[in-house]
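# A closer look at the structure
Spelled out from the first residue to the last, the chains are:
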Amino acid sequence: MSPLAPRQTRRVAVIGGTRVPFARSDGPYATASNQEMLTAALDGLVTRHGLQEPGAVGEFVAGAVLKHSRDFNLARETVLGSALDARTPAYDVQQACGTGLQAVIAAANKIALGQTESAIAGGADTASDAPLGVNDRLRRILLEARRAKSLGGRAKALAKIRPGHLVPDIPRNAEPRTGLSMGEHAAVTARVWGVAREAQDELAATSHQRLAAAYERGLFRDLVVPFRGLARDQNLRPGSTVEKLAALKPVFGLDAPEPTMTAGNSTPLTDGAATVLLASEEWASARGLEPLAYLTAYETAAVDFVGGDAAGGEDGLLMAPAYAVPRMLERAGLGIGDFDLVEIHEAFASQVLATLAAWEKRGLAPVDRSRLNVAGSSLATGHPFAATGARIVATLATLLAERGGPGRGLVSVCAAGGQGVTAILERT
């Protein structure tokens, strides 16, 4: 066969995953960097699957959304500080909240094409240690001073500095195109789709209860490694009920009548990291590792939320999965009824409910709620932006394996910038 001839793609196996417990921002991980958390998650995966020897893994793909300048080569620096072979290539990816799943897809594509036999994908984010930028006016003055040709010129430039210039630029959870936070965008979408407060609180309470039950039955025994004193996700509230959540005051959408979104039915700012081990069937067989599931399809979409959500339309900031999933299912020849499990990232309870309604509007069958986020999701675990996709893939693969026999799972992740990343996992 000519070296330029197209190769037949191979199945990509999900072998396992490891993450640190997720923590609320400014809590136990307040001083932990992206690299430290990602290294802890990676080391847990390396230890669990015996990947310490030279050349054990083909490459490492990961990313972060909130990155310091020191994180410019995050994935590679994580490898160098981990138990993985230092000769393992690594690179960064970033697509807001879709980063972790896009890292999985990037790694899977190389395995499917035969370019590597195994790879680890993941992500990390810290809302506690968010980078602070130099005030832009101060930055311009400092650059002017640097460009000056004489000491006098530099002094003249620096003399322009005023006390107000010393105030740092603090990252804002707002879309550059609209100035609205993700929560405010979600509040618009909730109003457009008529998502009720009680339905949001019910979904949030169920997320906590199911996550607690999953911990109790040992689902996360091989998925979560203790870190900085935590053994479980700090945001987990096993005693959450609709009645308790109903007592919370709304925090988003306060500019409109009867706001419905509260801190209880919205995901908190979170710190954490997660990783996933992917491989060819041959690599797994040679190492005596049983695949949990196979990654068989994926799709990415984007919406014009500037002209949509900001204008009160249906195409809200977090609604791209409403287009990605129907497109992916049509290509795969599948319907919602073909899935045993459905995992929708819970950025907000209202966003999950709006997505379900949008799928139905676009011709998909209703999702059986007993199959939705059966081990809880982001409302209970928290949401370190770049880590969520890897967390969901590892958890879903484990859930499919736990069921025994054939099974199929759907992954849907919304992301800032009006984007969505989706995937299908199967167990045969």
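In what follows, the accompanying structure is described. The structure displayed is predicted, hence computed values, not measured ones. (Residues numbered from 1 in each chain as written. Predicted model: local features only at pLDDT ≥ 70, side-chain atom pairs only at ≥ 80, totals over all residues. Heavy atoms only, no water.)

## Section: the nonpolar core
As a rule of thumb, nonpolar side chains are buried together in soluble globular proteins. The criterion, for reference: For the purposes of this section, nonpolar cores are sets of buried Ala, Val, Leu, Ile, Met, Phe, Trp, Tyr and Cys residues that join through side-chain atoms within 4.5 Å. Three labels apply to residues, based on accessible area from a 1.4 Å probe with only protein chains included: buried if under 20% of the type maximum, exposed if over 50%, partly exposed otherwise in between. Helix numbers and strand numbers start at the N terminus; a helix is a DSSP run of H or I with at least 4 residues, a strand a run of E with at least 2. Whether two residues are in contact is decided by their heavy atoms: any pair within 4.5 Å suffices.
Membership of the largest hydrophobic core comes to 49 residues, with the highest contact counts inside it found for L101, V104, F220, V276, L278 and L425. Counting residues per element, this core draws most heavily on helix 3 (residues 99-112), at 9 residues. If sequence neighbours within four positions are ignored, L278 has contacts with V12, A13, V14, V104, A107, A108, I111, E117, S118 and A119. Grouped together as the second largest cluster of nonpolar side chains are 35 residues, L38, L51, A90 and A124 included.

## A word on helix 7 (residues 197-216)
Our working definition: Expected span of a helix: the number of residues minus one, times 1.5 Å.
Over its 20 residues, helix 7 runs 29 Å from end to end, which matches the ideal 28 Å to within 8%, given 1.5 Å per residue. Those residues of helix 7 that are buried are in contact with strand 1 (12-19), helix 8 (242-246), strand 6 (250-252), strand 7 (261-262), helix 11 (349-361) and helix 12 (378-381). Taken from the residues just after helix 7, G218 is the one with a positive phi, measuring 85 degrees.

## Let's talk about the packing of aromatic side chains
Going by this rule: Two aromatic rings, drawn from Phe, Tyr or Trp (for Trp, its six-membered ring), form a pair once their centres lie within 6.5 Å of each other, and the interplanar angle then sorts them: stacked below 30 degrees, edge-to-face above 60, tilted otherwise. Geometrically, a charge over a ring is one whose NZ (Lys) or CZ (Arg) sits within 6 Å of the ring centre while staying within 35 degrees of the ring normal.
Taken as a whole and judged by the stated rule, the model has 3 aromatic pairs. Between Y215 and F220 the ring centres are 4.6 Å apart and the planes differ by 40 degrees, which places this aromatic pair in the tilted class. Assessed through its relative accessible area of 6%, F220 is described here as buried. The lysine or arginine in question, R19, covers the ring of F22, its NZ or CZ lying 4.5 Å from the ring centre. The residue whose ring lies beneath R19 is F220, and the NZ or CZ to ring-centre distance is 5.6 Å.

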